[in-house]
Amino acid sequence: MPPVPVNRPSLPTLAPVDWPAGTDRPAAATAAAIATAAELLASGRLVAIPTETVYGLAANALDPDAVALIFRAKGRPASNPLIVHVADTAMARRLAADWPEAAERATAACWPGPLTVVVKKAPEVPDIVTAGGPTVALRCPAFHVTRRLIEQAGCPLAAPSANRSEAVSPTTAQHVLEGLGNRVGLILDAGPCEHGLESTVLDCTVVPPRILRPGPLSADQLAAAIGGEVAPAAQPVNSGPDDQAGEPGRVGQEAEAASRSPGQRRRHYAPRTPLEVVPMATATERVADRLAAGERIGWLCLSPADAAVRRLAASPALLVVPMPEEPAAYGRMLYASLHALDHRELDRLVVDAVPDGSAWAAIADRLSRAQCTAGR
Ligand code: TXA
Ligand code: MG
């Protein structure tokens, strides 16, 4: 079958991968795209790949030079370690020096899926992947295209989200193109991601295991899967624009969590437009007030049918985005909504605060981090 041509150094090639789940083999064009991507990865190049959570920027995890390209393309600090994607548990165990009971139970119940486990790393995992640390984060994605790609490349894939550092993660190939442009040669386009939020990161080196980053699998779901206690993620605290993991003087749970999972710095996942999360009870008042001040507003709204919201929505300076009341559907839409609103030259994004509870924890976490836009 003909190889997929890869344009460089101009804009990346967007190769559609259309492989309905449950069918044995993909159509010829999709098989060719996966084969080209696998060859590029095996030869030390970067490829943007779809997963069920968000799009990733992938490189051979065992090739330090290839992994260095990821940090350069993203503008990511070398102190922030990468997740390594594996085709199955056997591949994961080869990359781990130790496979604790919690990792065994969590992966048996939740892999393939949106769960990343942190375990002690095996010597063959390059230091650049783990930012010099003794642990490695491992994930076996549910999306069958991603697993086929790993198998065909013949190596585990280091892949952070395919966005510039601190920006909103991509949930479509178009978002990758807009964010990374010609920093990547090939983007596999499988359409919108199923979850739309990054995987849950579970530290299995501590007892009980602890969530470092909330994600599509909630603490309650993981506790049920493991059959034991799971410590929830620390709440982000508002600590200002210069917030850095491990910064001296920072105290409390979040500083500790940030030093364990450096990507969990306070300021992250942020759109360019200033964003504020407002309790639902006062959101109408806040939006009316800002409109009166002459601002153009985008509003991620949980009660779009409300009479007061509809009255305000008549204003040409207000764009109301109705958000689902169900957390999985909300999560799927969140980043796509932020990407879209960022194109509208608005002065402010107002977001209705989401309900409390384990099922909303990942969304509340991302909104709280997106809110911290000071200094951008
Ligand atoms: O859903 C996902 O996890 C996506 C897709 C592409 O798989 N990937 C992703 O990667 O979100 P990234 O690099 O954007 O986020 C990785 C997170 C960061 O918070 C990082 O600090 C943490 O995982 N992490 C990576 N290695 C770690 C380690 N050894 N110990 C603790 N945290 C780690
Ligand atoms: Mg990321």
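Residues numbered from 1 in each chain as written. Chains lettered and ligands numbered in written order. Predicted model: local features only at pLDDT ≥ 70, side-chain atom pairs only at ≥ 80, totals over all residues. Heavy atoms only, no water.

### Focus: the confidence of the model for the protein
Move 1: When pLDDT is averaged along the protein, the result is 91; 89% of the residues meet or exceed 70.
Move 2: Mean pLDDT across the elements of the protein bottoms out in helix α8 (residues 252-260) (53) and peaks in strand β4 (residues 83-85) (99).
Move 3: Across residues 238-252, where pLDDT falls below 50, the model places 21 contacts with residues more than four positions away in sequence or in other chains. (pLDDT = per-residue confidence, 0-100. Helix = DSSP H or I, 4+ residues; strand = E, 2+ residues; numbered from the N terminus. Contact = heavy atoms within 4.5 Å.)

### Here we look at the packing of helix α11 (residues 327-342) against helix α12 (residues 361-371)
Move 1: Packing of α11 against α12 brings their axes to within 9 Å, and their N-to-C directions diverge by 30°. Between α11 and α12, the angle falls in the class roughly parallel. Seen along the crossing, α11 lies across α12 with a hand that is left-handed. Contact residues: Pro327, Tyr330, Gly331, Leu334 and Tyr335 in α11; Ile363, Arg366 and Leu367 in α12.
Move 2: Partitioning the contact of α11 with α12 into residue classes produces six nonpolar, one polar and one charged. (Axes fitted to C-alpha atoms, helices over the stretch in contact; angles between N-to-C directions. Parallel < 35°, antiparallel > 145°, perpendicular 65-115°, else oblique. Left-handed = near helix turned anticlockwise from the far one by under 90°. Nonpolar A, V, L, I, M, F, W, Y, C, P; charged D, E, K, R; others polar.)

### Some points on the sheet that holds strand β13 (residues 318-322)
Move 1: With respect to topology, four strands assemble into an open sheet ordered β11-β14-β12-β13, the strand pairing being parallel. At either margin of the open sheet sits one strand with a lone partner, and together these are β11 (275-278) and β13. Within the sheet, the average angular offset between the axes of one strand and its neighbour, ignoring direction, is 20°.
Move 2: Judged from the five bridges that link them, strand β12 (residues 297-301) and β13 form a sheet pairing that is parallel. Directly across from cysteine 301, in β13, lies its bridge partner proline 322.
Move 3: The sheet contacts of α12 involve β11 and β14 (348-352), and relative to β11 the element is tilted by about 130°. (Pairing = 2+ DSSP bridges.)

### Structural notes on the layout of surface pockets
Move 1: The calculated volume of the second largest pocket comes to roughly 530 Å³.
Move 2: Lining the second largest pocket we find 27 residues, and of these Gln235, Trp360, Ala361, Ala364 and Asp365 sit closest to its centre.
Move 3: Top contributing element to the lining of the second largest pocket by residue count: α12, with seven residues.
Move 4: Looking at the lining of the second largest pocket residue by residue, the classes come out as 17 nonpolar, eight polar and two charged. (1 Å grid on protein atoms, 1.4 Å probe; cavity = no way out; pocket = protein on both sides within 12 Å on 5 of 7 lines; lining within 4 Å. Points joined across faces, edges and corners; volume = space filled by probe spheres on them.)

### A short note on unusual backbone geometry
Move 1: In this model, tryptophan 111 is joined to proline 112 through a cis peptide bond whose omega is -10°.
Move 2: At the junction of valine 207 and proline 208, the peptide bond is cis and its omega measures out at -5° in the coordinates.
Move 3: Positionally, proline 208 belongs in the loop between β9 (200-203) and β10 (210-213).
Move 4: With a phi angle near 55°, alanine 131 is a residue other than glycine that sits in the positive phi range.
Move 5: Along the chain, alanine 131 turns up in the loop between β5 (115-120) and β6 (135-139).
Move 6: The backbone phi angle of glutamate 345 is positive, close to 50°, even though this residue is not glycine.
Move 7: Its location among the elements puts glutamate 345 in the loop between α11 and β14.

### Focus: the packing of helix α4 (residues 101-110) against helix α7 (residues 219-226)
Move 1: Their axes nearest at 8 Å, the elements α4 and α7 cross at an angle of 105°. Considering the angle they form, α4 stands roughly perpendicular to α7. Every residue of α7 that contacts α4 at Ala102, Arg105, Ala106, Ala109 and Cys110 is listed here: Leu222, Ala225 and Ile226.
Move 2: Broken down by class, the residue content of the contact of α4 with α7 amounts to seven nonpolar, no polar and one charged.

### Thoughts on α7
Move 1: If you check which residues of α7 are buried, you get Ala219, Leu222 and Ile226. Seen along its axis, α7 keeps its buried residues to an arc of 65°; they face one direction. Those residues of α7 that are exposed and angled more than 90 degrees off the buried face are Asp220 and Ala224.
Move 2: The inward-facing, buried residues of α7 abut α4, β5, β9 and β10.
Move 3: Phi turns positive, to about 75°, at glycine 227, one or two residues after α7. (Buried < 20%, exposed > 50% of the residue type's maximum accessible area, 1.4 Å probe, protein only. Arc of directions from axis to C-beta.)

### Comments concerning the pairing of strand β3 (residues 56-60)
Move 1: Burial analysis of β3 places five of its five residues in the buried class, the great majority of the element.
Move 2: Across three bridges, the pairing between strand β2 (residues 47-49) and β3 is antiparallel. When the sheet's bridge partners are listed, alanine 48 is paired in β3 with leucine 57.
Move 3: The antiparallel hairpin formed by β2 and β3 contains six residues in its connecting segment.
Move 4: When β3 meets strand β7 (residues 157-158), the two strands line up antiparallel, connected through two bridges. Residue pairing across strands places alanine 59 opposite alanine 158, the latter belonging to β7.

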